[in-house]
Amino acid sequence: MLEGKKILLGITGSIAAYKAILLVRLLVKAGAEVRVVLTPAAKSFVSPLVLATLTKYKVLTEMFEEDTWANHVMLGRWADVMVIAPLSCNTLAKMANGQCDNLLLAVYLSATCPVVVSPAMDEDMWLHPSTKRNIDLLKQFGNKIIPVEKGDLASGLIGEGRMAEPETIIAFLKENIFRTSELAEKKVLVTAGPTYEPIDPVRFMGNRSSGKMGFSLAEAFYTKGAEVHLVTGPVNLESSFAGIQVTHVQTAQEMADACMSIFGQMNIAVLSAAVADYKAAVVAEEKIKKNSEELDLHLIKTKDILKSLGGIKKDGQLLVGFALETNNEKENALKKMENKNADIIILNSLRNAGAGFGYDTNKITIFHKDGRIIETGLESKQKIADEIVNFIIKSLHA
Ligand code: CTP
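Fair warning: this is a prediction, and the values are worked out from it, not measured in the lab.

Caption draft 1: Region of interest: the overall build of the chain. The helix and strand inventory of the chain stands at 13 helices and 23 strands. Dimensions of the chain along its principal axes, counting C-alpha atoms only, are 80 × 55 × 40 Å. Residues classed as buried in the chain amount to 48% of the 398 residues present. In the chain, the proportion of contacts linking residues at least 24 apart, taken out of those at least 6 apart, comes to 66%. Entry remark: accessible area of the chain is about 19,800 Å², with carbon and sulfur atoms responsible for 50%. A distance of 3 Å separates the average location of the 45 positive side-chain charges in the chain from that of its 46 negative side-chain charges.

What follows is the structure in structure tokens.
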């Protein structure tokens, strides 16, 4: 999503400037074209040589250099977005008052692209009324402010005022600047992760699903403009985007209830969760003691969520399921599509090395009920999620 995007990064004099190096690296890695402008004070905190090496462009700091004039107007017009990170208290005050005594400020004042700032300062400076007023002024100018974080500050104190982490800045850009509208107006339900079925107050039956595929799907739908409802079992993941509505559940029944309650309003549902097929018929009220050599657990079937949704699906609703198979993959996947009344089934074969549970990569085959089949290579789960979402977008228009 950041591929080919033109990002102008302004760095000001703050100890948090070191984080800008990682920010540049992540942006470049994501395929963005980055140009950097430093204030004179920023040069004391971060090396222009490092930034020039990472971006492969000369870093600009001066308005005039012997016989050249840095064209600040063109820089602001070139960029898709200007990001100022870190934004010091001093540069904030100058921006709020329209001062123009360095190149970064000249670029800011002449920028026609959106401007995003990530402030960094000590808590007392951050809470000062003049800072609050200056931030309000920037908001009035239409600039977007990335919230500061709480934690260790350069002064040694702990408090509010830390610059957002580079990953947070990138997520902010994706959510607030580069979100597209192909799926605007569409409501999407995604399920993710495992379910945990209790046996007694301390034990449960679960599986190794990490939830990465489901979270990547939710994010891919969201960045294409959809309203996304993510229902997830227990995972160690957090959504990168504040706008994704996340419901946390534990058991298959809770996941089923959460899905059934909103499915009626959804345009698309993608069920990628690894839902337990069986649960304990009776959950012991007290911890089961190891009093005998053997223990039999009586298990009963859980509700099949995909099948239940397939049973109430209306015209115009697109239902997508996954099939995790180890043998007769294609045949089993197609059977699942038919039995559960899904429109699309995504086959995850555990025979593919590097694909499926626990990996960051996956390799899938997409089957549409109209006969279309698409096979992907072994790719990151984000890339796979993009391919699935693009296939779904095409299916909506077919
Ligand atoms: N699924 C579901 N509810 C369940 C079990 C599975 O909604 N109780 C969904 C999964 O989210 C997935 C699809 O059904 O989208 C297929 O899941 P999979 O585990 O491959 O198949 P099962 O239906 O459980 O059948 P089996 O385990 O026999 O292969």
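Caption draft 2: Molecular detail of a nonpolar patch on the surface. A grouping of Tyr 278, Leu 295, Leu 297 and Leu 299 is seen on the molecular surface, where their side chains present a nonpolar patch of about 370 Å² in accessible area. Tracing the sequence through the fold places Tyr 278 in strand S16 (residues 278–280). Residue Tyr 278 is classed as partly exposed on the basis of its relative accessible area of 42%.

Caption draft 3: Inspection of helix H4 (residues 89–96) at higher detail. For H4, the set of buried residues is Thr 91, Leu 92, Lys 94, Met 95 and Ala 96. Once H4 finishes, Gly 98 follows within two positions and takes phi at roughly 70 degrees, a positive value.

Caption draft 4: Region of the structure containing the pattern of salt bridges. Scanning all chains against the criterion turns up 13 salt bridges. A salt bridge links Lys 336 to Glu 325; its shortest N-O distance comes to 2.4 Å. Note that Lys 336 is positioned in helix H12 (residues 329–339) and Glu 325 in strand S18 (residues 318–325), a separation of 11 residues in sequence. By relative accessible area, which is 7% here, Glu 325 ends up buried. For Lys 369, the salt bridge is made with Asp 343, and the minimal N-O distance between the two is 2.6 Å.

Caption draft 5: The pairing of strand S8 (residues 149–152), seen in detail. Sheet analysis places S8 next to strand S9 (residues 158–162), joined by four bridges and oriented antiparallel. Counted as the bridge partner of Glu 149 is Arg 162 from S9. Linkage of S8 to S9, two consecutive antiparallel strands, is achieved through a turn of five residues, within which Gly 156 is found at a positive phi near 100 degrees.

Caption draft 6: Spotlight on the environment of Ala 79. Tracing the backbone through its elements, the reader meets Ala 79 in the loop between helix H3 (72–78) and strand S5 (81–87). The sequence separation of Ala 79 and Lys 314 amounts to 235 residues, and the corresponding C-alpha distance is 45 Å. When sequence neighbours within four positions are dropped, the list of residues in contact with Ala 79 reads Lys 6, Leu 8 and Cys 113.

Caption draft 7: The arrangement of the packing of helix H10 (residues 252–263) against helix H11 (residues 305–312) in detail. Interaxial distance between H10 and H11 falls to 10 Å at its minimum, and their mutual angle equals 20 degrees. When the interaxial angle is binned, H10 and H11 end up roughly parallel. Where H10 crosses over H11, the handedness of that crossing is right-handed. Taking contact as the criterion, the partners of Ala 252, Met 255, Ala 256, Cys 259, Met 260 and Phe 263 in H10 are, on H11, Ile 305, Ser 308, Leu 309 and Ile 312.

Caption draft 8: Structural detail: the packing of H4 against helix H5 (residues 103–110). Across the interface, H4 lies against H5 with an axial gap of 11 Å and an inter-helix angle of 40 degrees. By the angle between their axes, H4 is oblique relative to H5. In the packing of H4 onto H5, the handedness of the crossing is right-handed. On H5, the residues touching Thr 91, Lys 94 and Met 95 of H4 are Leu 104, Leu 105 and Tyr 108.

Caption draft 9: Structural detail: the pairing of S5. Among the seven residues of S5, seven are classified as buried, and the element is accordingly described as predominantly covered. By the bridge criterion, four bridges tie strand S1 (residues 6–11) to S5 in an arrangement that is parallel. Bridged to Ile 7 within S5 is Val 81. Of the strand pairs in this sheet, S5 and strand S6 (residues 115–119) are connected by four bridges, and their pairing is parallel. If you follow Val 83 over to S6, its bridge partner there is Val 116.

Caption draft 10: Broad picture of the site of the ligand. Surveying the vicinity of the ligand reveals 16 residues, the closest of which are Leu 271, Ala 273, Leu 306, Phe 322 and Lys 340. The side chain of Thr 302 places a nitrogen or oxygen atom 3.4 Å from a nitrogen atom of the ligand. Between the ligand and Lys 340 there is a distance of 2.4 Å, counted from an oxygen atom to a side-chain nitrogen or oxygen. In isolation the ligand exposes 570 Å². Once the protein is present, 76% of that is buried. Going through the elements one at a time, H11 and S18 are the ones with two or more residues in the shell around the ligand. Per-element tally for the shell around the ligand: the top contributor is S18, with four residues. Considered class by class, the residues forming the shell around the ligand number nine nonpolar, two polar and five charged.

Cut-off values and rules
Residues numbered from 1 in each chain as written. Predicted model: local features only at pLDDT ≥ 70, side-chain atom pairs only at ≥ 80, totals over all residues. Heavy atoms only, no water. Helix = DSSP H or I, 4+ residues; strand = E, 2+ residues; numbered from the N terminus. Buried < 20%, exposed > 50% of the residue type's maximum accessible area, 1.4 Å probe, protein only. Contact = heavy atoms within 4.5 Å. Areas by Shrake-Rupley, 256 points an atom, 1.4 Å probe, with all protein chains shown as cover. Lys, Arg positive; Asp, Glu negative; His and termini not counted. Charge placed at Lys NZ, Arg CZ, Asp CG, Glu CD. Patch = residues over 30% accessible without salt bridge, like charges linked within 9 Å, V, L, I, M, F, W, Y side chains within 5 Å. Salt bridge = Lys/Arg side-chain N within 4 Å of Asp/Glu carboxyl O. Pairing = 2+ DSSP bridges. Axes fitted to C-alpha atoms, helices over the stretch in contact; angles between N-to-C directions. Parallel < 35°, antiparallel > 145°, perpendicular 65-115°, else oblique. Left-handed = near helix turned anticlockwise from the far one by under 90°. Near = heavy atom within 4 Å. Polar contact = N/O pair within 3.5 Å; in protein donor to acceptor, adjacent residues only side chain to side chain. Nonpolar A, V, L, I, M, F, W, Y, C, P; charged D, E, K, R; others polar.

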